[in-house]
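Spelled out, the chains give:
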Amino acid sequence: MRPSKQLLKPIALWAVVTVLFMSACTHKQAVQVNLIPKPAEMEIVNGYFLVEANQLMNEGESTDIRYIINKNFDLSNPEAYRLKVSHNGIEAEAATDAGLFYARQTLRQLLTDKGIPYVDIHDAPRFPYRGLHLDVSRHFFPKEEILKLLDIMSYYKLNNLHMHLTDAGGWRIQMDKYPKLTSETAFRTESDWQKWWDGKDRKYLPEGTPGAYGGYYTKDDIREIVAYAAERYINIIPEVEFPGHSDEVLFAYPELSCSGKPYMNGDFCIGNPKTFTFMEDVLSEVIDLFPSEYIHVGGDEAGKGSWKTCPKCQALMKKEGMKDVDELQSYMIHKAEEFLISKGRKLIGWDEILEGGLAPEATVMSWRGENGGIKSARMGHDVIMTPGGYMYFDFYQADPKTQPYAIGGYTPVKHVYSYNPVPVDSLTAEESKHIIGVQANTWTEYIQTADHLEYMMFPRVLALAEIAWTPQEQRSWQDFKPRMNANIPVLQKMGINTFTLSDEIETVMKVDTVKKQIEVVLDAEKYPAEIRYTTDGTTPTVSSTLYTGAIAIKDSAYIKAAIFRDGKLQGTPTEKKVDYHRGINKPIHYNSKLYSGYMAGGMNALLDGYRGGLTYLDGRWQGYLNDLDCVVDMEEVTGIHKVSIRFMQLIGPGVFQPGKVELLTSEDGENFIPQGVVPTTISNKDKDLSFQEYIFFGDWKARYVRLKATEVNNAFIFTDEIVIW
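Residues numbered from 1 in each chain as written. Predicted model: local features only at pLDDT ≥ 70, side-chain atom pairs only at ≥ 80, totals over all residues. Heavy atoms only, no water.

Side note on the pairing of strand β30 (residues 690-709)
On a regular strand, one side chain projects to one face of the sheet and the next to the other, so that they alternate.
Consideration 1: Two elements, strand β27 (residues 628-649) and β30, share 17 bridges in a ladder whose sense is antiparallel. Each residue of the ladder has a partner; that of C630, found in β30, is L707.
Consideration 2: When strand β28 (residues 660-666) meets β30, the two strands line up antiparallel, connected through six bridges. From the neighbouring strand, S666 faces β30, where its bridge partner is Y704. (Pairing = 2+ DSSP bridges. Helix = DSSP H or I, 4+ residues; strand = E, 2+ residues; numbered from the N terminus.)

Description of the packing of aromatic side chains
Consideration 1: Scanning all chains against the criterion turns up 41 aromatic pairs.
Consideration 2: When the ring of Y204 is compared with that of F251, the centres are 5.4 Å apart and the planes differ by 35°; the resulting orientation is tilted. Of this pair, Y204 sits in the loop between α5 (193-198) and β11 (213-214) while F251 is found in helix α7 (residues 247-252), placing the two residues 47 residues apart along the sequence. Each member of the pair Y204 and F251 is classed as buried.
Consideration 3: Each ring, one from Y598 and one from Y616, has its centre 5.7 Å from the other, and the planes form 80°; the classification is edge-to-face. Of this pair, Y598 sits in the loop between β25 (588-590) and β26 (622-624) while Y616 sits in the loop between β25 and β26, and the two are 18 residues apart along the sequence.
Consideration 4: Among the residues examined, Y598 registers a relative accessible area of 22% and is labelled partly exposed. (Phe/Tyr/Trp six-rings, centres within 6.5 Å; stacked < 30°, edge-to-face > 60°. Buried < 20%, exposed > 50% of the residue type's maximum accessible area, 1.4 Å probe, protein only.)

A short note on the packing of helix α3 (residues 143-155) against helix α6 (residues 219-231)
Consideration 1: The interhelical angle for the contact between α3 and α6, taken along N-to-C directions, is 10°, at an axis separation of 10 Å. Classified by the angle between their axes, α3 and α6 sit roughly parallel to one another. Residues K143, I146, L147, L150 and D151 of α3 form the contact with α6, whose own contacting residues are D221, E224, I225, Y228 and A229.
Consideration 2: Its residues placed into classes, the contact of α3 with α6 shows six nonpolar, no polar and four charged. (Axes fitted to C-alpha atoms, helices over the stretch in contact; angles between N-to-C directions. Parallel < 35°, antiparallel > 145°, perpendicular 65-115°, else oblique. Contact = heavy atoms within 4.5 Å. Nonpolar A, V, L, I, M, F, W, Y, C, P; charged D, E, K, R; others polar.)

Things to note about the environment of Y233
Consideration 1: With respect to the helices and strands, the residue Y233 is situated in the loop between α6 and β12 (235-242).
Consideration 2: Classification of Y233 as buried rests on a relative accessible area of 2%.
Consideration 3: Measuring from C-alpha to C-alpha, the distance between Y233 and L158 comes to 8.8 Å, with 75 residues separating the pair along the chain.

Comments concerning the nonpolar core
Consideration 1: The biggest cluster of nonpolar side chains holds 116 residues, and the ones touching the most others in it are L150 and F278.
Consideration 2: Take this core: its biggest share by element is eight residues, from helix α8 (residues 273-289).
Consideration 3: Once residues within four sequence positions are removed from consideration, F278 is found in contact with W171, Y178, L181, F242, V249, L256 and F268.
Consideration 4: Of all hydrophobic cores here, the second largest spans 29 residues; its members include L35, V51, A92 and Y118. (Core = buried A, V, L, I, M, F, W, Y, C linked by side-chain atoms within 4.5 Å.)

Concerning empty space enclosed by the protein
Consideration 1: Throughout the structure, instances matching the rule amount to two cavities of 30 Å³ or more.
Consideration 2: Taken together, D394, Y405, A406, I407, W443, E445, Y446, I447 and M456 make up the full set of residues lining the second largest cavity. (1 Å grid on protein atoms, 1.4 Å probe; cavity = no way out; pocket = protein on both sides within 12 Å on 5 of 7 lines; lining within 4 Å. Points joined across faces, edges and corners; volume = space filled by probe spheres on them.)

What to know about the sheet that holds strand β20 (residues 530-534)
Consideration 1: Read across the open sheet, the four strands follow the order β21-β20-β23-β24; overall the sheet is antiparallel. Unpaired on one side and paired on the other, β21 (545-546) and β24 (568-579) mark the two borders of the sheet.
Consideration 2: Here nine bridges tie strand β23 (residues 556-565) to β24, and the two strands are oriented antiparallel to one another. Of the residues in β24, the one forming a bridge with F564 is L569.

Okay, structure coming up:
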């Protein structure tokens, strides 16, 4: 799969990547290299070795450039290498061709018009699995875009491309035994996913229909992709979904569904023996095309509803003594694993494959947070961490007002970079060895074009690459930030339509209940960045206060901050209200039920001083699936003149404003006096991320402050803080 003769093969993008670092002359160090990922160990010495790109591309060695295979170099890590550049020349050493390949990627990044800086690097990846996922079902991306991504992946030392080949959006891989999968369900009526999925015309069209939207990879396409990847030491992991997310299959072959009719089911009928014939036939063709050790079978989000009433499924449950439909899914996953093992392969699936009992040798991708991965590691199963809150690149990467429409969420590059795939507080050292890697997932419901795809992936892929390769103790955001900024033009020279980083300012609060203040720390993705700010809500100017360190707020502030370049404000100022208010840390009682999945900071989250950010996944927003009704105890009767509470709306994932918010006060906790009602001003049809603060002014004497927010859309409501003055 990874022939050594390909090691020194020229890579197409080499010639356009020449300047990969910024000079930073000091007395101690002449250069600042901007390698991504950062090597495990690196020493930089003054000086450059003069070499041209053509010399490095030459497959043969010279007296100045030597590539050495030493079988005893590092037996613990086959991808490790040492690279030494000095006045004597370049020497790269590794135990394998893969190690030398990664040494060459480092050389490519070091190459400048002055030559290559003198360095001594000892390097090896933290994880053997360093993955990027691409959904080609919701929107099909041609072979050429896949090859382009493989070039960039190899440059940043990622080694697994996980292709989500099948789903309701369309079947994307040629199958000889089941030709209708591509002739009938690789094309659909509508390119816009939301219109197609939510509209009245969710239909598939025969291949060749005028105006039909879609596509698929022929077997020759797959062979070319696999070979191209292998030359770059990248493995292609195919994903074919079982038992859910299979609407397209059950349209083409409705006899495999519980109803036997097209457009009725999304889950295979597990009680039907033909389902397992289909599964083994398809997996056999997939195995013939993909040499990957892992074959991904999905296993996520099966509806399971039809199984509860299907005679065939119920008969199988009775025969096998199953107590619930979760065990039906487990039954199919076990069968898939048995088949793959018989073919010398391993099964991998999303963390739902844990439900009903995990297949004996399965590997789990933990996407619904880390709990599935932790549970699997404790059971002795290998795990790849890919939690949605950090590793979903279809989420917004900047303020949604400035970005193309996305499915929701908010994972700016700093948040991505902050992720540590090993939950050290939850696993023993031995259990942690089962965390074999990390992967970022790009789902494409709202990503139609290659340009948009690249915009969403990059530069967040750079953060992923460093998480996956560099030892945790060697990573820091402040060190990564200038290197990331230096690589933006590198990506552009490679033809990537990268997001060029945000002009927004990150505001991080730290509540100090001893000093009774809130410290506000400002940061920017761009580097270098001159940040100026105000605390009274006015727009900052070039003469506003220059940010040099944490801002201490002892009462209220309305901070506006922005980057300035050459005396001009960049972008739109970032705004943040900060209140060290009188309700902080006061007791709170809930008359309504909190949703356990979104507890934010716990029972006292609405009175902890922390405001939420741009996503309900940031741990600051508290969620409810019904009305909110809570009572704050001020602990004594006191004068109150202002109460406010803020809610968010993002209707894509089902988060809406409440219909109204009501304030009531009481001196005894028994008799509450209504003090006003504020209705929502935001339409429940508005799909943009939006916020509303419900504010009540008055002059009340009260010990107890009660707020009631009505849920009117049969969905979530999310709030971040009750502010009391």
